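Structure at a glance
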Amino acid sequence: MVLQLTPNLLESLKPQELIQIKGHAELTLNARRAITILWHNAHRQGIREGRDYTIEIDDLKTDGHKGYEPVVEAVEALMTTFLIFKDPNDPDGDDYRVQFLGGNNMTPKGRPGGVLTYSFDKRLIALLEASVKWGQISLPVLMSFSSKYAISLYENVTQSVNLRHISNATYTIDEFREMMGVPAGRYAVYGDLNRHVIKPSVSEINALAHFEISVLPIKKGKKVDQIMVAWMRKSQDAATEALRERERPRLGRRVRLANRVEHVADAVPSVGRMMRDDRKQRRSPKTS
């Protein structure tokens, strides 16, 4: 059972129930990242019901942030956010609603050497004990992202990137928006979703992760109806370059990434549409 393993320091073993979550659209980048950091820290200390875990507050801060305010905001957000997910053994059953972060306290608050003591909902622990699918999350990659959407896409792909028989997944637009955590009504038009969510996420992941992804929007008629996400592991040289990029200063990264090759394709017709067009073309009389 993966829950009984002790993950290494820089790689989180995160259950799908904490990756494929609903209800995270309003979480900030810091809060979205804190879910993984707090889970990983607790996992290394040993998960069990009723236990308190401790973590140095500095471990929840990104490079360049000296104040604790973002950490406090993330913790308070996770205390008031209910994660909604299905039991993997009963996908048609009722939704589970649990508060990710239970009671906690920071001591000494706002001073160097501060420690956060926290706990998880007992219902969450009971569900995770039966988890069968996990993502391997690189913490250096996670902490390098500047977009919460990149985190969502990256973590979802980590569940399958090591499986030889799976190299892509297709989502409806609504499923993709929910997976990414896009708030309802925001970027409602595909062009806006592509510009503000998809392209920046793909660019960051391909620059920083040990795998690369590509996105193919699929049309139904004139409207994008589905999105296919494909992935593949990088060569050793490409993985080394990703490590170098993570070690470079954040300042100037946006400009560096803007010069990379695009991995978001133009929209294509659905498979059904292409098959119908092909049949029409075969039936049409040939002209000499």
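Presented here is a report on the structure given in the accompanying data block. (Residues numbered from 1 in each chain as written. Predicted model: local features only at pLDDT ≥ 70, side-chain atom pairs only at ≥ 80, totals over all residues. Heavy atoms only, no water.)

Before going further, it helps to spend a moment on the packing of aromatic side chains. The final tally for this structure, using the stated rule, is eight aromatic pairs. On the basis of an interplanar angle of 35° and a centroid distance of 6.2 Å, the ring pair of Trp-39 and Phe-120 is categorised as tilted. Highlighted residues: Trp-39 in helix α2 (residues 29-45) and Phe-120 in the loop between β6 (115-118) and α4 (122-128), separated in sequence by 81 residues. Judged by relative accessible area, Trp-39 falls into the buried class, the value being 0%. For Phe-120, a relative accessible area of 10% corresponds to the buried category. For the pair Phe-100 and Phe-120, a centre-to-centre distance of 5.3 Å together with 50° between the ring planes defines the contact as tilted. Remark: Phe-120 occurs in the loop between β6 and α4 and Phe-100 occurs in the loop between β4 (96-99) and β5 (104-107); sequence separation between them is 20 residues. One aromatic cluster is present, formed by Trp-39, Tyr-53, Phe-100, Tyr-118 and Phe-120 through successive ring pairs. (Phe/Tyr/Trp six-rings, centres within 6.5 Å; stacked < 30°, edge-to-face > 60°. Helix = DSSP H or I, 4+ residues; strand = E, 2+ residues; numbered from the N terminus. Buried < 20%, exposed > 50% of the residue type's maximum accessible area, 1.4 Å probe, protein only.)

Here we take up the environment of Ile-84. Looking at the secondary structure, you find Ile-84 in strand β3 (residues 82-85). Apart from the residues within four sequence positions on either side, Ile-84 is in contact with Ile-21, Lys-22, Asp-95, Tyr-96 and Arg-97. (Contact = heavy atoms within 4.5 Å.)

So, on to the sheet that holds strand β2 (residues 53-56). Spatially, β2-β6-β5 is the arrangement adopted by the three strands of the open sheet, whose pairing is antiparallel. Each end of this open sheet is capped by a strand with a single partner; those strands are β2 and β5. Sheet twist, expressed as the mean angle between neighbouring strand axes with direction ignored, is 20°. Looking at chain direction, β2 and β6 are connected through four bridges and run antiparallel. Bridge pairing in β6 links Thr-54 to Thr-117. Along the sheet, α2 contacts β2 and β6; its crossing angle with β2, the most-contacted strand, is approximately 120°. Sheet strands touched by helix α3 (residues 69-79): β5 and β6. Its angle to β5, the strand with the most contacts, is close to 170°. (Pairing = 2+ DSSP bridges. Axes fitted to C-alpha atoms, helices over the stretch in contact; angles between N-to-C directions.)

Look at helix α7 (residues 173-180) against helix α8 (residues 190-208): their axes get within 13 Å of each other, and the N-to-C directions meet at 45°. By the criterion of interaxial angle, the relationship of α7 to α8 is oblique. Relative to α8, α7 is oriented so that their crossing is left-handed. Residues Ile-173, Phe-176, Arg-177 and Met-180 of α7 pack against Tyr-190, Leu-193, Val-197, Ile-198 and Ser-201 of α8. Looking at the contact of α7 with α8, its residues break down into seven nonpolar, one polar and one charged. (Parallel < 35°, antiparallel > 145°, perpendicular 65-115°, else oblique. Left-handed = near helix turned anticlockwise from the far one by under 90°. Nonpolar A, V, L, I, M, F, W, Y, C, P; charged D, E, K, R; others polar.)

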